[in-house]
Amino acid sequence: MTRGEQLYEGKAKKVYRTDDPELLIVSYKDDATAFNGLKKGTIVGKGVINNQMSNQLMKRLEKAGVPTHFVEELSERDTLVRRVSIVPLEVIIRNIAAGSFSKRYGVEEGVVFSAPTIEFSYKNDELGDPLMNAYHAIAMNLATREEIETIKKYAFAVNDFLKAFWLEAGVTLVDFKLEFGRLSDGTIVLADEISPDTCRLWDSKTHEKLDKDRFRRDLGGVEDAYQEIMRRLKEHA
Ligand code: TMP
C-alpha cells in the first residue's frame, strides 16, 4: 500500500489517502508541541518510537478484546490504519494524580487513587480542549449515550491491560489520553496513538519520568527517556 494525497497534518502525525477509501496511512513525525502548540520542538527519533510502540500496544489490545484502527506497520514511521471519523473527545484515564488533575484539585503529584478516574475533554484547539462531562458531549451530539458507554468500557479495559503490561516492564502507568473513532458502519474503535506523548510513564522504582513531561517541563534527557521506554517495551515484548 502506498501513500496517496495528504489529507491532514497534525502536530505529531500526517495522514495520507490510499487506494482503498476505508484505509489511510499515518506517518509519525519527530515534531513535539505542548500547551496547545505554544511550545514547539523536536524529539529526535520520537516518530519511530511512537509508531512502533503504538502498534505493538494496539496489536495486544486487539487480542485483549479492544477493537482498534491498526491494520499493518508499513515502515519505521508509517502505519496503515482503518479510516475513522474521530469522536471529538479526548478520553483521559488516571491512576495517580499528576498534571492538570493535581493543579485543578490541589492534589500532590504521585498520590495513588483508590480507583481509576475518567474524564473527557472537548477536542477543540481554539478552545484549548476544555473539560467536558458525558451529558455535555451527548447534548452537543459529539457522541450518543451508547457510544459514551462503549468508549468508557474500552477505556477502562485499555487501562487494565496497559497497567499490567507496563508493571511487568518496571513502569508505572500514571495516566493517559485516548481517542476513539467510528468506522463507516458506525463501529467504535480505538484510534490515534498510545505512546510516551500520550501517557505518563514512571520508572516503578525511581519514579523517573519516561514520557513527554520531560519535554513539557524542560527536564532534559528527553530523547533518552523515549529510548529507555522503548527498550523496556522491546525487552518485555
Ligand atoms: P493532563 O494531566 O495535562 O490533563 O494530561 C493527562 C494525560 O493526557 C497525560 O498522560 C498526557 C496526555 N495528554 C495528551 O495526550 N494530549 C494533550 O493535549 C494533553 C493536555 C495531555
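Quick note: structure is the one above.
Remember, predicted model here, so these are calculated numbers, not experimental data.

A. Representation of the nonpolar core in the model. In terms of nonpolar packing, the biggest core is built from 48 residues, with L89, W166, L178, F180, L190 and I194 touching the most fellow members. With eight residues, helix α4 (residues 145-168) is the largest single contributor of residues to this core. By size, the runner-up hydrophobic cluster in this structure holds five residues, among which are V15, L24, V26 and Y28.

B. Expanded view of the sheet that holds strand β1 (residues 6-9). Spatially, β1-β2-β3-β7-β6 is the arrangement adopted by the five strands of the open sheet, whose pairing is antiparallel. Strand pairing shows two members of the sheet lacking a second neighbour, β1 and β6 (70-73), which therefore form its edges. With direction set aside, neighbouring strand axes in the sheet form an average angle of 25°. Examined bridge by bridge, strand β2 (residues 13-17) and strand β3 (residues 23-28) share five bridges and lie antiparallel to one another. Bridge pairing links R17 to L24 in β3. Contacts from helix α1 (residues 46-63) reach β3, β6 and β7 (78-82) within the one sheet, and its direction differs from that of β6 by about 130°.

C. Structural context of the site of the ligand. Close contacts around the ligand come from 14 residues, with R94, S100, D175, K177 and R200 the closest. D175 is positioned such that a nitrogen or oxygen atom in its side chain is 2.5 Å from an oxygen atom of the ligand. Within the side chain of R200, a nitrogen or oxygen atom sits 2.9 Å from an oxygen atom of the ligand. Where the shell around the ligand is concerned, the elements lending two or more residues are β9 (89-96), α2 (99-105), β12 (171-182) and β14 (199-203). Per-class residue counts for the shell around the ligand are four nonpolar, three polar and seven charged.

D. Local environment of the side chain of S54. Along the chain, S54 falls in helix α1. Accessibility expressed as a relative area gives 1% for S54, which makes it buried. Sequence-distant contacts of S54, that is, excluding residues within four places in its chain, are made with Y28, D192, E193 and I194.

E. Here's a closer look at the pattern of salt bridges. All told, the structure shown has 28 salt bridges when counted by the stated rule. The partner of K123 in a salt bridge is E179, and the shortest N-O contact between them spans 3.3 Å. With a gap of 56 residues between them, K123 in the loop between β10 (112-122) and β11 (131-132) and E179 in strand β12 connect regions that are remote in the sequence. Where salt bridges share partners, they join R94, E109, E119, D175, R200, K209, D213, R216 and R217 into one cluster.

F. Broad picture of the side chain of S102. As for its placement among the helices and strands, S102 is situated in helix α2. The class for S102 is buried, based on a relative accessible area of 12%. A distance of 2.9 Å separates a polar atom in the side chain of S102 from the backbone oxygen of V107. Once residues within four sequence positions are removed from consideration, S102 is found in contact with A97, V107, E108 and E109.

G. The arrangement of unusual backbone geometry in detail. Its identity is not glycine, yet D129 carries a phi of approximately 50°, on the positive side. Residue classification places D129 among the partly exposed positions, given a relative accessible area of 21%. Within the chain, D218 stands out as a residue other than glycine whose phi angle is a positive 55°. Locating D218 in the fold gives a position in the loop between α5 (213-216) and α6 (222-236).

H. Highlighting the pairing of β10. The pairing of β9 with β10 spans seven bridges and is classified as antiparallel. Along β10, the bridge assignment pairs V91 with F120. Bridge analysis of β10 against β11 gives two bridges, and the strand direction is antiparallel. Across the sheet, F120 pairs through a bridge with M132, a residue of β11.

Conventions adopted
- Residues numbered from 1 in each chain as written.
- Predicted model: local features only at pLDDT ≥ 70, side-chain atom pairs only at ≥ 80, totals over all residues.
- Heavy atoms only, no water.
- Core = buried A, V, L, I, M, F, W, Y, C linked by side-chain atoms within 4.5 Å.
- Buried < 20%, exposed > 50% of the residue type's maximum accessible area, 1.4 Å probe, protein only.
- Helix = DSSP H or I, 4+ residues; strand = E, 2+ residues; numbered from the N terminus.
- Pairing = 2+ DSSP bridges.
- Axes fitted to C-alpha atoms, helices over the stretch in contact; angles between N-to-C directions.
- Contact = heavy atoms within 4.5 Å.
- Near = heavy atom within 4 Å.
- Polar contact = N/O pair within 3.5 Å; in protein donor to acceptor, adjacent residues only side chain to side chain.
- Nonpolar A, V, L, I, M, F, W, Y, C, P; charged D, E, K, R; others polar.
- Salt bridge = Lys/Arg side-chain N within 4 Å of Asp/Glu carboxyl O.

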